[in-house]
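A closer look at the structure
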Amino acid sequence: MLILECPYCGVHAEETELHAGGEAHLKRFGPGASDEDFHDYLFMRENPKGVHLERWRHVNGCGKWFHAARCTMTLEVFGTYTAQTSEPPQEIKDKISAKRPGWTWREFSA
Amino acid sequence: MSKAQSALNGASYAGLAKVEETGLGGMITLRGDFASAGFQAAVKAATGCDVPGVRKIASSEVGAVAWMSPDELLLLVDYAGVDAVVAQISEALAGEHHLAVNVSDARACFAVSGEGAREVIAKVAPVDLAPGQFEAGDFRRTRFAQVAGAFWLDEAGVFHIVCFRSVAVYMYNLLCTSAHPQSKVGVYA
Ligand SMILES: [Zn+2]
């Protein structure tokens, strides 16, 4: 059972209170973008075995979207953080680095 | 104008706990900036309460107010007076970014009381209901089996549940099933 702490209401919500929202920190490419950028924005997703950054929504709860950093292999949760950011905060990066030295994910790394 | 009726006409059931539909409740969804002095004053005027802390409910003789999210409160007031309270809030917060809506008729209200009340709710909601973990004044939005709902515990030891009126029958049947006399687990006994 995956348990994530909602950063807005503080509930340690188990998976059935949450809704998965896919990959975190996507940059939107819309009108005026190149076909290649638009294609990648629509279709290209990370599928790592290990460190992953995701969006989740506390749907059966306070209703807010937030971010989670976790390991897809062990289901270990490194931390959750606010949705009002376009990159993982240093505190979360440090937590990942403590457990998975040398990690990288898209343009982010230890 | 027709006479307003609650979803289940006050149905009740006695099992491990007493389950009852508590009739029409006045409810207002209020969204805005909790840090604003005007917002705090409007909440106080409407309910007699200060803005509650995270996942808490505050109550007074006038009404109650529950924490729904970092920018949303649920105001509980007398059913008959809801529209007047909404008008009063809208006037007080004119010019300030906010939302105040009468949602009373979109909701159903239940009470679960008695010895087995904690267990009856714990069976159907993913919330730690152990004494000390959930106490009077605590408020929680969650799911009850397959439907969304919120609940709190009052000073008299009664759990109050609110959900959408459209799922009132589901909620009632769910709570009655959970309160079936032969379904005792005894985990909090
Ligand atoms: Zn939450």
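Since we're looking at a predicted model, the values are computed, not measured.

Of regular secondary structure, chain B possesses four helices and 11 strands. Against the globule reference of 16 Å for 189 residues, chain B gives a C-alpha radius of gyration of 17 Å, in line with a compact fold. Dimensions of chain B, computed from C-alpha atoms along their principal axes, come out at roughly 55 × 40 × 30 Å. Expressed as a percentage of its 189 residues, the buried residues of chain B come to 49%. In chain B, the share of contacts with a sequence separation of at least 24, taken over all contacts with a separation of at least 6, comes to 59%. Element-wise, carbon and sulfur atoms account for 53% of the exposed surface of chain B, whose accessible area totals about 8900 Å². Across chain B, 14 positive and 19 negative side-chain charges occur, with their mean positions spaced 8 Å apart.

All names here are of chain A. The four strands are arranged 3-4-5-6 in an open sheet whose pairing can be described as antiparallel. The sheet is open, and its two edges are formed by strand 3 (19–23) and strand 6 (77–81), each paired on a single side. Sheet twist, expressed as the average angle between the axes of neighbouring strands with direction ignored, equals 30°. Against the sheet, helix 2 (residues 90–99) makes contact with strand 4 (51–57), strand 5 (65–71) and strand 6, and its axis sits at roughly 175° relative to strand 6, the strand it touches most.

Moving on to the domain arrangement of chain B. Residue and element names in this part refer to chain B. As assigned here, chain B comprises domain 1 (12–23 + 106–181) and domain 2 (26–105). On a C-alpha basis, the centroid separation for the pair domain 1 and domain 2 is 23 Å. Between domain 1 and domain 2 the total buried area reaches about 1100 Å² when both faces are included, carbon and sulfur atoms providing 58% of it. Of all residues in domain 1, the largest losses of buried area upon contact with domain 2 belong to Arg 107, Phe 139 and Arg 141, amounting jointly to 52% of the total for that side. For the pair domain 1 and domain 2, the number of links is one salt bridge. Connecting domain 1 to domain 2 are seven residue pairs in polar contact (both at pLDDT 80 or more). Residue assignment for the side of domain 1 that touches domain 2 shows that the elements contributing at least two residues are strand 8 (107–113) and strand 9 (139–144).

Turning next to the packing of helix 1 (residues 37–47) of chain B against helix 2 (residues 82–92) of chain B. All names here are of chain B. It is the contact of helix 1 with helix 2, at a shortest axis distance of 10 Å, that shows an interaxial angle of 160°. Between helix 1 and helix 2, the interaxial angle falls into the category roughly antiparallel. Note on packing geometry: the crossing formed by helix 1 with helix 2 is right-handed. Of the residues in helix 2, those in contact with Ala 42, Ala 45 and Ala 46 of helix 1 are Val 85, Gln 88, Ile 89 and Ala 92.

With that settled, the discussion passes to the coordination of the zinc ion. Residues and elements named next belong to chain A. Protein ligation of the zinc ion involves Cys 6 (SG), Cys 9 (SG), His 58 (ND1) and Cys 62 (SG), the donor distances falling in the range 2.1 to 2.4 Å. For the zinc ion, the four donor atoms in the first shell make angles of 96 to 118° at the metal, so the coordination geometry reads as tetrahedral. In terms of primary sequence, the donors binding the zinc ion are separated according to C-x2-C-x48-H-x3-C. Here Cys 9 is found in the loop between strand 1 (3–5) and strand 2 (12–14), whereas its partner Cys 62 is found in the loop between strand 4 and strand 5, with 53 residues between them in sequence. The same class applies to Cys 9 as to Cys 62, namely buried.

Our next topic: the interface of chain B and chain A. In this complex, chain B contributes 15 residues to the contact, which on the side of chain A involves 11 residues. Here chain B and chain A share an interface that buries about 960 Å² over both sides, 49% of which is from carbon and sulfur atoms. There are three salt bridges connecting chain B and chain A. If you look at where chain B meets chain A, you find seven residue pairs in polar contact (both at pLDDT 80 or more). Residue assignment for the side of chain B that touches chain A shows that the elements contributing at least two residues are strand 5 (64–69) and strand 9 of chain B. Counting residues per element, the side of chain B that touches chain A draws most heavily on strand 9 of chain B, at four residues. In terms of residue class, the side of chain B that touches chain A is built from seven nonpolar, two polar and six charged.

Before going further, it helps to examine unusual backbone geometry. One non-glycine residue, Leu75(A), adopts positive backbone phi at about 65°. Among the secondary structure elements, Leu75(A) is positioned in the loop between strand 5 and strand 6. We note that Ala145(B) has phi near 50°; this positive angle belongs to a residue other than glycine.

All names here are of chain A. Following the sequence through the fold, Lys 93 ends up in helix 2. With relative accessibility at 14%, the residue Lys 93 sits in the buried group. What Lys 93 contacts, discounting residues up to four positions off in sequence, is Glu 87, Pro 88, Trp 103 and Ser 109.

Ranked by internal contacts, the top residues of the largest apolar core, which has 31 residues, are Leu30(B), Leu75(B) and Ile89(B). Listing elements by their share of this core, those giving two or more residues are strand 5 of chain A together with strand 3 (26–31), helix 1, strand 5, strand 6 (72–77) and helix 2 of chain B. Those residues in contact with Ile89(B) that sit more than four places away from it in its chain are Leu30(B), Ala46(B), Leu75(B) and Ala100(B). Among the nonpolar cores identified, the runner-up in size contains 30 residues, and Leu16(B), Val112(B), Phe144(B) and Leu175(B) belong to it.

Parameters at a glance
Residues numbered from 1 in each chain as written. Chains lettered and ligands numbered in written order. Predicted model: local features only at pLDDT ≥ 70, side-chain atom pairs only at ≥ 80, totals over all residues. Heavy atoms only, no water. Helix = DSSP H or I, 4+ residues; strand = E, 2+ residues; numbered from the N terminus. Rg over C-alpha atoms; globule rule 2.2 N^0.38 Å. Buried < 20%, exposed > 50% of the residue type's maximum accessible area, 1.4 Å probe, protein only. Contact = heavy atoms within 4.5 Å. Areas by Shrake-Rupley, 256 points an atom, 1.4 Å probe, with all protein chains shown as cover. Lys, Arg positive; Asp, Glu negative; His and termini not counted. Charge placed at Lys NZ, Arg CZ, Asp CG, Glu CD. Pairing = 2+ DSSP bridges. Axes fitted to C-alpha atoms, helices over the stretch in contact; angles between N-to-C directions. Domains from an automatic or database assignment. Buried area = accessible area lost by both parts, 1.4 Å probe. Salt bridge = Lys/Arg side-chain N within 4 Å of Asp/Glu carboxyl O. Polar contact = N/O pair within 3.5 Å; in protein donor to acceptor, adjacent residues only side chain to side chain. Parallel < 35°, antiparallel > 145°, perpendicular 65-115°, else oblique. Left-handed = near helix turned anticlockwise from the far one by under 90°. Donors = N, O, S within 2.8 Å, 3.2 Å for Na, K, Ca; no water. Tetrahedral: all angles 85-135°; square planar, octahedral: opposite > 155°, others 65-115°. Nonpolar A, V, L, I, M, F, W, Y, C, P; charged D, E, K, R; others polar. Core = buried A, V, L, I, M, F, W, Y, C linked by side-chain atoms within 4.5 Å.

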